Amino acid sequence: MDLGPHAAFIWAAYATTALVLAGLAAWLVLDGRRQQRLVDELEARGVRRRSSRTPPSRPQ
Amino acid sequence: MLMPTLTQKLANPTRFMELSGRVLPWLTCTACILLAVGLYMSARAPLDYQQGHAAKIMFVHVPSAWLSMFGYALVAISSFGLLVFRHPLADVSAKAAAPIGAVFTFTCLLTGSLWGKPMWGAFWVWDPRLTSVLILFFLYLGLIALRSSIEEETLAAKLAAILALVGIVMLPIIKFSVEWNSLHQPASVMRLGAPTIHPSLLWPLLVMAGAMTLMFLALHLKAMRNEVLRRRVKALRSYEVEADATLAGQPAE
């Protein structure tokens, strides 16, 4: 594609935008995986949130 | 009994995670398809009669500029939601939006600079519009730095929310800065009256803006989900410490 005398500026603008946004998306995906893995590890050790714990049964 | 509103329904992080988990793949796919269409339309757009091919930079620069302000408005609205309504997800939203807004402000400055060199002969000028956007970028960095410098989450959230609400004064300054002896061109799409831009250039711009807005929303939703998980990890760790201390017969710190 011929972009004339300012082609380098146009390509640089699109490439840097793509690179920066792809970097942000990759960071978010990796961070999400890390956080999910930490939750899974803690839950595997038997740690539960208060809301998901079984309430103690009432004495009859 | 009154029906709960959407914001009330989303106040429960577990429900938010379920709903956002279903919405996110669709949002991401729609953003990618629209982005592909937008890039195709941008490539096929005719030459600008003054700027030639260099006007194609507009298709990434202008949406980045809009989203830099949209991101800040989102941070400010979420901060208002935290301070006034104490909505549980308001702080999650504000915290998640700040780095994304900063990235879009950075791309706006970068692409503007790459457009400025061939058109104005300089990568940077201390023009009211450029300078006010640079201040917005520093404001985002300030918000991120403020949060990470305070360990206590609740205090950090409140202080960041106050700073975000004070900083909203930058949005009208940026909007009207082009009328203060600026080198930057005045608004040609979001203005009173019809857009001054030709439809052959306006449509690719609107499609790219739509695609990048959906991309912003998808990134924001993902960042919010990560933040909910991060808080869950923190809560689980504190329960674990509490349980260990109880077993050891000591009060948890």
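Look a little higher up for the structure.
Calculation criteria
- Residues numbered from 1 in each chain as written.
- Chains lettered and ligands numbered in written order.
- Predicted model: local features only at pLDDT ≥ 70, side-chain atom pairs only at ≥ 80, totals over all residues.
- Helix = DSSP H or I, 4+ residues; strand = E, 2+ residues; numbered from the N terminus.
- Buried ≥ 20, exposed ≤ 12 C-beta atoms within 10 Å, placed from the backbone.
- Contact = placed C-beta atoms within 7 Å.
- Expected span 1.5 Å × (residues − 1).
- Core = buried A, V, L, I, M, F, W, Y, C linked by C-beta atoms within 7 Å.
- Nonpolar A, V, L, I, M, F, W, Y, C, P; charged D, E, K, R; others polar.
- Axes fitted to C-alpha atoms, helices over the stretch in contact; angles between N-to-C directions.
- Parallel < 35°, antiparallel > 145°, perpendicular 65-115°, else oblique.
- Left-handed = near helix turned anticlockwise from the far one by under 90°.
- Arc of directions from axis to C-beta.

For chain B, the count of helices and strands is eight helices and zero strands. The order of helices and strands in chain B, counted from the N terminus, is α-α-α-α-α-α-α-α. In chain B, buried positions account for 34% of the 253 residues. Sequence separation of 24 or more characterises 76% of the internal contacts of chain B that already satisfy a separation of 6 or more.

With that settled, consider helix H3 (residues 58-85) of chain B. For an α-helix, 3.6 residues make a turn, and residues three or four places apart therefore share a direction. Look at H3(B): 39 Å from first C-alpha to last across 28 residues, which is about the 40 Å you get at 1.5 Å a residue. Just downstream of H3(B), Arg86(B) is the residue with a positive phi angle, here 50 degrees.

Now for the nonpolar core. When a protein is soluble and globular, its nonpolar side chains tend to lie buried together. Ile57(B), Val75(B) and Ala94(B) are the most contacted members of the largest nonpolar core, which has 63 residues in total. Within the residue set of this core, elements represented by two or more residues are helix H1 (7-44) of chain A together with H3, helix H4 (90-120), helix H5 (128-149), helix H6 (153-167) and helix H8 (199-247) of chain B. No other element matches the 15 residues that H8(B) contributes to this core. Non-local contacts of Ile57(B), meaning those with residues more than four positions away in its chain, are made with Phe9(A), Ile10(A), Ala13(A), Thr111(B), Leu114(B) and Trp115(B).

Each partner contributes residues to the interface: chain A has 25 residues there, and chain B has 34 residues. Residues of the side of chain A that touches chain B, tallied by class, amount to 16 nonpolar, seven polar and two charged.

This paragraph deals with the packing of H4(B) against H5(B). All names here are of chain B. Following both chains from N to C, one finds H4 and H5 inclined at 150 degrees, their axes separated by 9 Å at the closest point. Taken as axis vectors, H4 and H5 run roughly antiparallel relative to one another. Crossing geometry of H4 relative to H5 is assigned as left-handed. Only Leu 130, Val 133, Leu 134, Leu 136, Phe 137, Tyr 140, Leu 141, Leu 143, Ile 144 and Arg 147 of H5 make contact with H4, whose side of the interface consists of Lys 95, Ala 98, Pro 99, Gly 101, Ala 102, Thr 105, Phe 106, Cys 108, Leu 109 and Gly 112. Here the residues of the contact of H4 with H5 are counted per class, giving 15 nonpolar, three polar and two charged.

All names here are of chain B. Along the polypeptide, Ala 45 turns up in the loop between helix H2 (13-44) and H3. C-alpha of Ala 45 to C-alpha of Cys 32: the two residues are 13 residues apart in sequence and 20 Å apart in space. When residues no more than four places from it in sequence are discounted, the contact partners of Ala 45 are Lys 56, Ser 200, Leu 201 and Pro 204.

Residue and element names in this part refer to chain B. With 15 residues, H6 should cover 21 Å at 1.5 Å per step; its first-to-last C-alpha distance of 21 Å lies within 8% of that length. Listed in full, the buried residues belonging to H6 are Ala 157, Ala 160, Ala 161, Ala 164 and Gly 167. Taken end-on, H6 shows its buried residues confined to a sector of 125 degrees, consistent with a single buried face. Relative to its buried face, H6 has exposed residues pointing more than 90 degrees away, namely Thr 154, Leu 155 and Val 166. Where H6 is buried, its residues contact H3, H4, H5 and helix H7 (170-176).

Remember, this is a structural readout, not a statement about activity or role.
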